[in-house]
Amino acid sequence: MTDDLLGFSTRAVHAGYDPDPRTGAVNVPIYASSTFAQDGVGSLRGGFEYARTGNPTRSALEANLAALESGRHGRAFASGMAATDCTLRATLRPGDHLVIPNDAYGGTFRLIDKVFTNWGIEYSVAAVSDPDAVRAAMRPNTKLVWVETPTNPLLNIGDIAALADIAHAGRARLVVDNTFASPYLQQPLHLGADIVLHSTTKYLGGHSDVIGGALITDDAELDAAFGFLQNGAGAVPGPTDAFLTLRGIKTLAVRMDRHCDNAETLAEFLVDHPAVEQVIYPGLPQHPGFAVAQKQMRRFGGMISVRLRGGRQAALDFCARTRIFTLAESLGGVESLIEHPGAMTHASTAGSALEVPDNLVRLSVGIEDAADLLADVQQALS
């Protein structure tokens with residue numbers, strides 16, 4: 001049976017690797033070798049020559065990632081930012097223009113604003129939740145429309161199919177950073193995206209023990225460009241990183257359902273709390289992107305953002321008082337995390353059009369018992 005006929009959880013467990021025919025090893029081995037013996041000059045055994053160019057553990061991960069996104073090609077990188085950098089360098093040239101979200105991840109913004117503009121790349125910002133705004137931001141030299149949905153950290157929702165139409169009408173490609181949703185909750189390639197990007201550090205790895213990134217596409221020419229830069233620039237994951245990511249992926253579906261269960265429970269509690277000015281969660285009917293999220297996502301995810309009454313100090317106090325929610329950057333692990341984006345993950349956006357509210361707190365809701373998470377939040381807000 002081909003992978004595209006199998007259910008998501010089955011693909012997550014099995015895609016990319018069959019038990020080793022010699023030893024019967026059920027899990028892919030960690031091929032900790034920097035180089036591979038060749039049967040003759042130009043005659044590669046199994047297609048591998050040097051570990052930066054290719055490694056069997058990494059190849060298994062790449063095949064698995066492609067299967068999860070129902071794509072033809074997958075590439076793994078040393079980090080989500082390495083995957084971001086590869087995308088930009090493979091698709092843009094000096095004088096080109098791209099559109100980015102007006103609340104994009106701070107690291108993405110920093111790379112584009114501080115690095116790529118020095119190489120003659122132009123960018124505009126637009127709300128991904130407003131297709132007309134994205135259309136208005138397009139220029140004759142636009143080559144890329146960069147979308148996060150849900151966005152980080154304001155959890156805005158972009159209509160992927162509508163944004164793909166806008167990008168393609170302008171002869172541009174659509175990139176969807178699918179990190180917050182994970183491939184279990186959302187399949188951008190099915191909706192018209194050209195490239196799907198992940199920080200595999202987050203939900204795919206799922207255990208806060210590995211850094212990685214990924215690019216998935218159906219376009220063979222794009223994949224070849226990604227592969228050239230992956231090898232030429234060398235920002236590749238080691239075999240242990242690839243192994244840990246594959247191990248995490250096996251439980252992605254069951255973890256995501258628990259993340260969503262807990263986030264939904266917590267969001268409903270926070271809506272009525274007097275210390276909270278606003279709860280931002282796509283699963284709440286009052287969220288402006290609720291209908292679009294309902295259309296293109298399986299569920300609404302494990303991320304919640306809240307704005308506190310009392311401004312910045314109230315937000316900082318909330319972050320300092322939680323006991324189960326750990327004050328830390330990153331997200332998507334089994335443990336619950338809390339952070340102040342304005343001072344942490346999105347500090348690079350200060351003073352720009354992407355600056356985040358100073359009373360904003362971002363919650364990555366883990367898989368602990370919901371009652372314990374509720375109690376923790378309640379005491380921290382009291």
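Residues numbered from 1 in each chain as written. Predicted model: local features only at pLDDT ≥ 70, side-chain atom pairs only at ≥ 80, totals over all residues. Heavy atoms only, no water.

- For the protein, the name recorded in an unreviewed UniProt entry is Cystathionine gamma-synthase, with Nocardia aurantia as its organism.
- The Sequence similarities (unreviewed entry) comment attached to the protein in UniProt states, word for word, "Belongs to the trans-sulfuration enzymes family."
- Recorded in UniProt for the protein, the comment headed Cofactor (unreviewed entry) runs: "pyridoxal 5'-phosphate". (UniProt positions renumbered as here; feature names shortened; annotations may be inferred.)

Topic: the sheet that holds strand E11 (residues 303-308)
And then number 1: In spatial order, the strands read E10-E11-E14-E13-E12; together these 5 strands make up an open sheet with mixed pairing. Of all the strands in the sheet, just strand E10 (276-280) and strand E12 (326-327) have a single pairing partner and so form its edges.
And then number 2: By the bridge criterion, 3 bridges tie strand E13 (residues 337-339) to strand E14 (residues 360-364) in an arrangement that is antiparallel. Residue pairing for E14: Leu-337 is matched across the bridge by Ser-364. (Pairing = 2+ DSSP bridges. Helix = DSSP H or I, 4+ residues; strand = E, 2+ residues; numbered from the N terminus.)

A look at the sheet that holds strand E8 (residues 195-199)
And then number 1: Taking strand neighbours across the sheet as the criterion, the 7 strands line up as E3-E9-E8-E7-E6-E4-E5 in an open arrangement whose pairing is mixed. Where the open sheet ends on each side, the last strands, each with one partner, are strand E3 (73-77) and strand E5 (122-126). Looking at each pair of strands side by side, their axes are set apart by 20 degrees on average, direction ignored.
And then number 2: Summarising the sheet, strand E4 (residues 97-101) and strand E6 (residues 142-148) pair through 3 bridges and their orientation is parallel. Counterpart to Leu-98 in the pairing with E6 is Leu-144. (Axes fitted to C-alpha atoms, helices over the stretch in contact; angles between N-to-C directions.)

Remarks on the domain arrangement of the protein
The parts lose accessible area when they come together, and the size of an interface is often stated as this lost area.
And then number 1: For the protein, the assigned domains read domain 1 (3-247) and domain 2 (253-381).
And then number 2: The C-alpha-based centres of domain 1 and domain 2 are spaced at 25 Å.
And then number 3: Counting from both sides, the interface comprises 39 residues of domain 1 and, opposite them, 42 residues of domain 2.
And then number 4: Around 3200 Å² of area is buried between domain 1 and domain 2 when both sides are counted, 64% of it from carbon and sulfur atoms.
And then number 5: For the domain 1 face of the interface with domain 2, the top three residues by lost area are Tyr-184, Leu-185 and Tyr-203, together amounting to 25%.
And then number 6: Counting the contacts that link domain 1 with domain 2 gives 1 salt bridge.
And then number 7: Close ionic contact of Lys-295 with Asp-159 constitutes a salt bridge, the shortest N to O distance being 2.8 Å.
And then number 8: Mapped onto the side of domain 1 that touches domain 2, the elements with two or more residues apiece are helix H1 (8-14), E4, helix H4 (106-114) and helix H7 (182-185).
And then number 9: Per-class residue counts for the side of domain 1 that touches domain 2 are 20 nonpolar, 15 polar and 4 charged. (Domains from an automatic or database assignment. Contact = heavy atoms within 4.5 Å. Buried area = accessible area lost by both parts, 1.4 Å probe. Salt bridge = Lys/Arg side-chain N within 4 Å of Asp/Glu carboxyl O. Nonpolar A, V, L, I, M, F, W, Y, C, P; charged D, E, K, R; others polar.)

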